[in-house]
Amino acid sequence: MDILQTCELTKHYQYGVFKRKNIIALEKVSLSIKQGEIFGLLGPNGAGKTTFVKLILSITLPTSGSAKILNYSLGERALREQCGYLPENHRYPGFLTALDTLIFFGRLNGLSGSELKNKSISLLELVGLKDWVKVKTKKFSKGMLQRLGLAQALINDPKLLFLDEPTDGVDPIGRKEIRDILVDLKSRGTSIFLNSHLLSEVEMICDRVAILNKGKIVQTGTIAELTSQKLVYEIQVSSVFPDTLRMKLQATNFSFEIQGTKLIATCKEKSELNSLIDLIRAEGIGIEGMVQQKTSLEDYFIQLVKGKSAS
Amino acid sequence: MRLWGMIRFTIGETLRKGTLLFYFGVGTFILIIFASGIGQSPEDSNVVTLFGNPVSKQSIQDHNVVEFILVMLHRQSVSAIMLFGIFGIAGLIPSMLEKGKIDLFLSKPLTRGELLMARSIGAVSGISINLIYFFLGIWLIFGLRIGVWHWGFLSSVIYVIIAFFCYYSVVAIVGLITRSTGFSILLAFLFSIISWGLEKREQGLYVIWDNSIYHRLLDGLYYLTPQLSAMLENSTRIVGEMPLMQQSVEFTIIPFVYSLLATSLLYFLAVLYFSRQDY
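A quick note: this is a predicted structure, and the numbers were derived from the prediction, not measured.

This paragraph deals with the overall build of chain B. Helix and strand counts for chain B stand at 12 helices and three strands. If one aligns the C-alpha atoms of chain B with their principal axes, the spans along those axes are about 70 × 50 × 30 Å. Here chain B holds 279 residues, and 52% of them are scored as buried. For chain B, the proportion of contacts with a sequence separation of at least 24, taken over those separated by at least 6, is 75%. Carbon and sulfur atoms provide 66% of the accessible area of chain B, an area that totals close to 13200 Å². Within chain B, the 16 negative side-chain charges are centred at a point lying 14 Å from the centre of the 18 positive side-chain charges.

Take a look at the structure:
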């Protein structure tokens, strides 16, 4: 079931004295997020990732297009009641303590009383700020503010959580803790929308990702779909490659490289792999193992974004 | 609860600002001065003394002494509060609009209109706490020290708060459009001068622009904006007659009604503008 579905969501910013100049922040973005999944939106700086989230939460108003989120249309107050948001570069009132900050944002979400206080304390414990409950946020480091921001985003038990660079400024242990929290939330049915530059992190926790470049979606898919599209196979054989096999391989369309008893072959289609194996087996050589080389999400992302920029 | 949460937060923010704490300190200092300075003559309990010196009716052109002191105190303190109060809270709307803060506020289940109104009410409440503290203090000092419980003086604080609320609507809309504290303060002061000019237009601006079209335009402007000068004068009239006035003028609620209507219009326009902005 789709929890978020956008249809050709577009945002143009007008600027200049008579607002005649136009910047395309998002162009006809259609995306869907399923319930209980972690969805990553990737893209270089200025691609439109933050604008997309702001449109969903009505912080920015769309130029055209529509969206259905948790069965609500854009701009409905009830939608925001069920969403949590950790913005990038968020600023909390420095005169409030961590606990007061959560209580304040809880009140804005319609919560109150001892239930709100207890919930705020338990969330601060969850994000590792147990010992900082009564400390004013002006004394917090960037990483601590990120943790507080995550707690703030969770104060209303959101069904859909939007996180913009949630681990920015957080140390490696903190990042792991945040990842664990997100995975735990996912297991409890919360859908998570993640904007991040840290591709390795996205690769670790996201079920599906979309790549946004210059305001347009250039690719969408599961991590596996995006990272296994390189048809390069590493074949480990039982003995060295005889010259006859080398000659036969050179006569084919495969591009290959032999490293001792290992053959690294690049196929154009998956079906070519069988022909390759047949060729090796016909020489009486045993195959000991085979691994499909994967492109990391980072490689794929760079390739895609640079490729699009060049074209 | 949501609105109250925002109002409460804004009150807290205003009270933690150094400027309002400073005003609180100044208010307390004046209260201490009055508490220690005002009294009754030991010879005649009808004679009011200031630091031991009797204040004679002749020296204030036969005015009621207590009323005279309270009217002067009212006029001076209200002018000071209008002037310095704006300094203290003009930045609250622009600070709400700062990147990283506005995203958080707008992502919560509050409409933009509610957010703006809660912020404005909270800001005015911060000043109101200062005002009530000062007026209540003066009222108690006069009651306890010389036995005059001047209810007019105490109740005038409500009208001063209404006047400040209407005045703040100008600051709020300017802050919303320019996102600048400096501009908000500058235009608020400019508006207070314009408001005074519009109030006295028959003796001033009408003479300069002696044309019926201009007169109508000035009238329109007068009724479409908060009548700050008229509200402050009327709030003082509740306390007593203005010294040196040729004829006595009765208190009227009309400027407050017109100003509240004009303020509603300003806030309506402000909300309309706010609702169409991207952050």
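Attention now goes to the overall build of chain A. Within chain A, the regular secondary structure consists of 11 helices and 15 strands. Computed over its C-alpha atoms, the radius of gyration of chain A comes to 25 Å, more than 25% above the 19 Å expected for a compact globule of 311 residues. Each principal axis of the C-alpha atoms in chain A carries an extent, and together these give about 80 × 50 × 35 Å. When the accessible surface of chain A is totalled, it reaches about 14800 Å², and 49% of it is carbon and sulfur. Looking at charge distribution, chain A has the averaged site of its 41 positive side-chain charges lying 9 Å from that of its 33 negative ones.

Moving on, we come to helix α10 (residues 212-224) of chain B. Residues and elements named next belong to chain B. The terminal C-alpha atoms of α10, which comprises 13 residues, lie 18 Å apart, in line with the 18 Å expected from a rise of 1.5 Å per residue. Every buried residue of α10 is accounted for by His215, Leu218, Asp219 and Tyr222. Along the long axis of α10, the arc covered by the buried residues comes to 100 degrees, so they all point the same way. The exposed residues of α10 that point more than 90 degrees off its buried face are Ile213, Arg216 and Leu217. Against α8 (181-199), α9 (205-208) and α11 (228-237) lie the buried residues of α10.

With 29 residues of chain A in contact, the opposing surface of chain B contributes 29 residues. Approximately 2800 Å² of surface area, both sides summed, lies buried where chain A meets chain B, with 58% of it carried by carbon and sulfur atoms. Area buried by chain A at its contact with chain B is led by Phe95, Arg107 and Leu108 of chain A, which between them contribute 24% of it. Residue Lys54 of chain A pairs with Asp103 of chain B through a salt bridge whose shortest N-O separation is 3.2 Å. Scanning the region where chain A abuts chain B turns up 18 residue pairs in polar contact (both at pLDDT 80 or more). Among the elements that take part in the side of chain A that touches chain B, helix α3 (residues 98-108) of chain A stands out by supplying four residues, more than any other. In terms of residue class, the side of chain A that touches chain B is built from 14 nonpolar, eight polar and seven charged.

The tendency in soluble globular proteins is for nonpolar side chains to be buried as a group. Within the largest apolar cluster, 153 residues are counted, with the highest numbers of intra-cluster contacts made by Phe52, Phe162 and Leu182 of chain A together with Tyr168 and Phe274 of chain B. It is helix α7 (residues 151-178) of chain B that provides the largest number of residues to this core, a total of 18 residues. Residues contacting Phe162 of chain A, with those up to four places away along its chain left out, are Leu4, Val53, Ile56, Leu57, Cys83, Gly84, Tyr85, Leu86 and Phe193 of chain A. Membership of the second largest hydrophobic core comes to 15 residues, among which are Leu245, Ala265, Ile280 and Ile285 of chain A.

Taken together, Lys136, Lys138 and Lys139 of chain A together with Arg16 of chain B make up a surface patch of like positive charges. Mapped onto the secondary structure, Lys139 of chain A falls in the loop between α4 (113-126) and α5 (142-153).

Bringing the packing of aromatic side chains into the picture now. In this structure the tally under the stated criterion is 30 aromatic pairs over all chains. Judged by centre distance (6.1 Å) and plane angle (80 degrees), the ring pair of Phe104 of chain A and Phe105 of chain B falls under edge-to-face. You can see Phe104 of chain A sitting in helix α3 and its partner Phe105 of chain B sitting in helix α5 (residues 102-106), one on each of two chains. Taking relative accessible area as the criterion, Phe105 of chain B reaches 3% and is therefore assigned buried. For the ring pair Tyr23 of chain B and Phe84 of chain B, a centre distance of 6.1 Å and an interplane angle of 50 degrees mean the geometry is tilted. With Tyr23 of chain B in helix α2 (residues 18-37) and Phe84 of chain B in helix α3 (residues 65-89), this pair connects stretches of sequence that are 61 residues apart. Owing to a relative accessible area of 18%, Tyr23 of chain B belongs among the buried residues under this scheme.

What counts and how
- Position numbers for residues count from 1 along each chain, tracking the sequence in the order it is written.
- Chains and ligands are labelled by the order in which they are written, letters from A for the one and numbers from 1 for the other.
- Restriction of local features to residues with pLDDT of at least 70 applies here, the model being predicted, together with a cutoff of 80 or more for giving and counting side-chain atom pairs; totals for whole chains, interfaces and linings are based on all residues.
- Here the side-chain values reflect all heavy atoms present in the structure, with hydrogen atoms and water set aside.
- In DSSP terms, a helix is any run of H or I states spanning at least four residues, a strand is any run of E spanning at least two, and both are numbered starting from the N terminus.
- Burial classes: relative accessible area under 20% of the type maximum marks a residue as buried, over 50% as exposed, and values in between as partly exposed (1.4 Å probe, protein chains only).
- Contact criterion: two residues are considered in contact whenever any of their non-hydrogen atoms come within 4.5 Å of each other.
- Only the protein chains shown count as cover for residues, with accessible areas throughout obtained via the Shrake-Rupley method and a probe of 1.4 Å.
- The convention is simple: Lys and Arg are positive, Asp and Glu are negative, and His and the chain ends are not counted.
- By convention, the charge on Lys lies at NZ, on Arg at CZ, on Asp at CG and on Glu at CD.
- Note on method: radius of gyration uses C-alpha positions; expected globular size equals 2.2 Å times residues raised to 0.38.
- The span expected for a helix works out to 1.5 Å for each residue beyond the first.
- The directions from the helix axis to the C-beta atoms form the arc being described.
- Accessible-area loss on putting two parts together, using a 1.4 Å probe and summing over both, is the definition of buried area adopted here.
- Just to be clear on terms, a salt bridge is a Lys or Arg side-chain nitrogen sitting within 4 Å of an Asp or Glu carboxyl oxygen.
- Polar contacts, as used here, are pairs of N or O atoms within 3.5 Å; protein pairs need one atom able to donate a hydrogen and one able to accept it. Residues neighboring in sequence count only if both atoms are side-chain atoms.
- Note on residue categories: nonpolar means Ala, Val, Leu, Ile, Met, Phe, Trp, Tyr, Cys or Pro, charged means Asp, Glu, Lys or Arg, and polar means any other residue, Gly included.
- Here, nonpolar core refers to any group of buried Ala, Val, Leu, Ile, Met, Phe, Trp, Tyr and Cys residues whose side-chain atoms link them within 4.5 Å.
- Within the patch definition used here, like charges are joined within 9 Å and nonpolar side chains (Val, Leu, Ile, Met, Phe, Trp, Tyr) within 5 Å, considering only residues with over 30% relative accessible area and no salt bridge.
- Planes of paired rings set the category: under 30 degrees apart is stacked, over 60 is edge-to-face and the rest tilted, where pairs are Phe, Tyr or Trp rings (Trp by its six-membered ring) whose centres lie within 6.5 Å.

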